[in-house]
Amino acid sequence: MEVHTLRLGDTQIINNLFLAPMAGFTDYAFRSVILPLGAGLSFTELTSAKGLYFGAKNNYAILRTDDHEKTAAQIFGSEPYFMRWAVESEYLKDYKIVDINMGCPVPKIVKNGEGSALLADIKLAESIIKECVKSGKIITVKIRTGIKTGDDIAAEFAKMAEGAGASLITIHGRVRENYYSGEPDYNAIYRAKRSVHIPVIANGGIFNVRDADDMVERTGADGVMIARGAIADPFIFSEISGDKISGNIKTVKDFAIAHLRKEAEISGDARAAIEFRKFVTYYFKSVENAKQKRAELMLSESAVKTEELLNKYL
Ligand SMILES: Cc1cc2nc3c(=O)[nH]c(=O)nc-3n(C[C@H](O)[C@H](O)[C@H](O)COP(=O)(O)O)c2cc1C
């Protein structure tokens with residue numbers, strides 16, 4: 001695929017390879033270590049607009065970043081008032097780009113009419129975007145192709161989002177009922193791309209350079225967003241762009257250790273060992289006889305011990 005810059009309003013994104021938001025994974029520690037490896041833009045984990053309004057404490061951690069050039073905040077909610085309030089709030093003051101989540105399939109979010117529930121209410125989705133755009137910030141939207149198999153709302157939604165003032169739309173090429181599995185619906189993304197002038201970013205099932213090439217070839221999208229593929233291979237962005245990475249992180253082992261150390265710096269030794277556990281399967285994907293080794297890491301209660309094990313096994 002062709003790697004190029006993207007312009008959103010007065011902001012230039014250095015390339016069209018995006019790191020997806022992933023709750024529980026793409027936190028401040030992970031983003032800090034992966035961003036220098038070549039993604040053009042990343043996103044915070046989804047953050048409740050209403051939660052911000054009512055002062056929920058965990059949002060400080062979710063919105064923490066030291067790279068506002070390459071990080072957008074992602075918010076979710078169903079009430080235009082709270083959504084705009086969040087975009088204009090102190091919490092988001094340093095973020096130039098705010099993404100609205102209209103794709104989350106998690107039942108507790110959907111049942112509140114938030115996330116992918118908005119795919120079934122295009123009028124409300126439009127009001128939310130319009131209200132957030134009034135903030136003057138760059139507003140982007142992330143959707144899925146529908147709710148049930150066979151749905152294709154992407155083109156209609158993309159047109160609506162463009163008309164409402166969104167600067168970019170990301171389309172996860174799967175319907176809600178398929179969560180994260182199955183081949184992406186390339187045609188739905190293709191049709192959406194042909195319907196609008198704002199950039200369309202394609203997401204879903206990109207785990208290597210070939211998948212990225214395939215996605216862009218089949219959809220005509222302006223760029224790609226990668227989620228699980230970036231945890232499994234943090235070098236995927238530079239592999240796609242062909243850019244040489246500067247710095248000391250050259251292997252998955254280097255990456256895993258840098259990530260663990262960053263997590264320990266932020267959360268302390270014991271918490272870091274626990275937070276790190278969910279990444280172990282990804283980092284050990286190419287290790288032989290990994291089961292026993294992974295099990296040892298899962299039992300580690302200290303980042304120092306975890307690092308010893310990473311040095312031994314990776
Ligand atoms: C554990 C996990 C957490 C996720 N959290 C978010 C989130 O906070 N916001 C969002 O828009 N999408 C979220 N997603 C969806 C991803 O951003 C992405 O759309 C999806 O995983 C498909 O991309 P992939 O096939 O490259 O993994 C999450 C996905 C996973 C697996």
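Remember, it's a predicted structure, so these values are computed and weren't measured experimentally.

Q: Quick question: what am I supposed to make of the overall build of the chain here?
A: The number of helices and strands found in the chain is 15 helices and 11 strands. Relative to the 2.2 N^0.38 estimate, which gives 20 Å for 314 residues, the radius of gyration of the chain is 19 Å and therefore close to what a compact globule would have. Referenced to the eigenvectors of the C-alpha coordinate spread, the extents of the chain come out at roughly 55 × 45 × 35 Å. Within the chain, contacts between residues separated by at least 24 positions form 67% of all contacts whose residues are at least 6 apart in sequence. Within the structure as shown, the chain displays about 13,700 Å² of accessible surface, and the carbon and sulfur contribution to it stands at 50%. Charge-centre separation for the chain: the mean point of 41 positive side chains lies 2 Å from the mean point of 41 negative side chains.

Q: Looking at this structure, how should I read the domain arrangement of the chain?
A: Note on interface size: it is often stated as the accessible area lost on association of the parts. As far as domains go, the chain holds domain 1 (6–241) and domain 2 (252–313). Computed from C-alpha coordinates alone, the two centres of domain 1 and domain 2 are separated by 28 Å. Contacts between domain 1 and domain 2 engage 16 residues on the former and 13 residues on the latter. When domain 1 packs against domain 2, close to 1,400 Å² is buried across both sides, 76% of that on carbon and sulfur atoms. It is F25, V33 and A232 in domain 1 that bury the most area against domain 2; as a group they hold 33% of the surface buried on that side. For the interface between domain 1 and domain 2, the tally reads zero salt bridges.

Q: I'm lost on the nonpolar core in this one. Help?
A: Note that soluble globular proteins tend to have their nonpolar side chains buried in a common cluster. F18, M102, I129, I143, F237 and Y283 are the most contacted members of the largest nonpolar core, which has 97 residues in total. When residues of this core are assigned to their parent elements, the largest contribution, seven residues, is made by helix α7 (residues 154–164). Each of domain 1 (6–241) and domain 2 (252–313) accounts for three or more of the residues forming this core. Residues contacting F18, with those up to four places away along its chain left out, are L6, I13, L41, F43, L168, I201, V224, M225, I226 and F237.

Q: Help me out: how do you make sense of the site of the ligand in this one?
A: Close contacts around the ligand come from 17 residues, with P21, A23, N203, G205 and R228 the closest. At 2.8 Å from an oxygen atom of the ligand is found a side-chain nitrogen or oxygen belonging to Q74. One of the side-chain nitrogen or oxygen atoms of N101 is found 3.1 Å away from an oxygen atom of the ligand. Burial of the ligand by the protein chains amounts to 90% of its free accessible area of 610 Å².

Q: Looking at this structure, how should I read the pattern of salt bridges?
A: As a working rule, side chains carrying opposite charge can pair if their charged atoms are close by. Within the structure shown, the criterion is met by 15 salt bridges. Two residues, E131 and K134, come together in a salt bridge whose shortest N-O distance is 2.9 Å. K134 gets classed as exposed once you look at its relative accessible area, which sits at 53%. Two residues, E307 and R261, come together in a salt bridge whose shortest N-O distance is 2.5 Å. Here E307 is found in helix α15 (residues 303–313), whereas its partner R261 is found in helix α12 (residues 252–267), with 46 residues between them in sequence. A single salt-bridge network, built from bridges that share partners, covers R84, E88, E131 and K134.

Q: Is there a simple way to think about the packing of α7 against helix α8 (residues 186–195) in this case?
A: Packed helices, taken two at a time, are described by the angle their axes make and the gap between the axes. Interhelical geometry of α7 versus α8 gives an angle of 30° and a closest axis separation of 8 Å. In terms of their interaxial angle, α7 and α8 are classed as roughly parallel. For the crossing formed where α7 meets α8, the hand is right-handed. Of the residues in α8, those touching α7 at A154, A155, A158, K159 and E162 are A188, R191, A192 and S195. For the contact of α7 with α8, a count of residues per class yields five nonpolar, one polar and three charged.

Q: Could you clarify how one ought to interpret the packing of helix α13 (residues 269–283) against helix α14 (residues 290–299) in this entry?
A: Put simply, α13 and α14 touch, their axes get as near as 9 Å, and they point 170° apart. Classified by the angle their axes make, α13 and α14 are roughly antiparallel. In the packing of α13 onto α14, the handedness of the crossing is right-handed. Contacts from R277, V280 and T281 in α13 reach R294, L297, M298 and L299 in α14. Counted by class, the contact of α13 with α14 contains four nonpolar, one polar and two charged residues.

Q: Please clarify how the side chain of E275 should be interpreted in this entry.
A: By secondary structure assignment, the location of E275 is in helix α13. If we ignore the near neighbours within four places in the chain, the residues touching E275 are D27 and E263.

Q: Is there a simple way to explain α13 in this structure?
A: In an α-helix there are 3.6 residues to a turn, and that puts residues three or four apart on one side. The end-to-end C-alpha distance of α13, which contains 15 residues, comes to 20 Å, matching closely the 21 Å that a straight helix rising 1.5 Å per residue would cover. Taking the largest bend as the criterion, α13 deviates by roughly 45°, centred on R277. Three or more residues of α13 are buried, namely A272, A273, E275, F276, F279, V280 and Y283. Packed against the buried residues of α13 are α1 (28–34), α10 (228–232), α12, α14 and α15.

Cut-offs applied
- Residues numbered from 1 in each chain as written.
- Predicted model: local features only at pLDDT ≥ 70, side-chain atom pairs only at ≥ 80, totals over all residues.
- Heavy atoms only, no water.
- Helix = DSSP H or I, 4+ residues; strand = E, 2+ residues; numbered from the N terminus.
- Rg over C-alpha atoms; globule rule 2.2 N^0.38 Å.
- Contact = heavy atoms within 4.5 Å.
- Areas by Shrake-Rupley, 256 points an atom, 1.4 Å probe, with all protein chains shown as cover.
- Lys, Arg positive; Asp, Glu negative; His and termini not counted.
- Charge placed at Lys NZ, Arg CZ, Asp CG, Glu CD.
- Domains from an automatic or database assignment.
- Buried area = accessible area lost by both parts, 1.4 Å probe.
- Salt bridge = Lys/Arg side-chain N within 4 Å of Asp/Glu carboxyl O.
- Core = buried A, V, L, I, M, F, W, Y, C linked by side-chain atoms within 4.5 Å.
- Buried < 20%, exposed > 50% of the residue type's maximum accessible area, 1.4 Å probe, protein only.
- Near = heavy atom within 4 Å.
- Polar contact = N/O pair within 3.5 Å; in protein donor to acceptor, adjacent residues only side chain to side chain.
- Axes fitted to C-alpha atoms, helices over the stretch in contact; angles between N-to-C directions.
- Parallel < 35°, antiparallel > 145°, perpendicular 65-115°, else oblique.
- Left-handed = near helix turned anticlockwise from the far one by under 90°.
- Nonpolar A, V, L, I, M, F, W, Y, C, P; charged D, E, K, R; others polar.
- Expected span 1.5 Å × (residues − 1).
- Bend = angle between axes of the 7 residues up to and from the residue.

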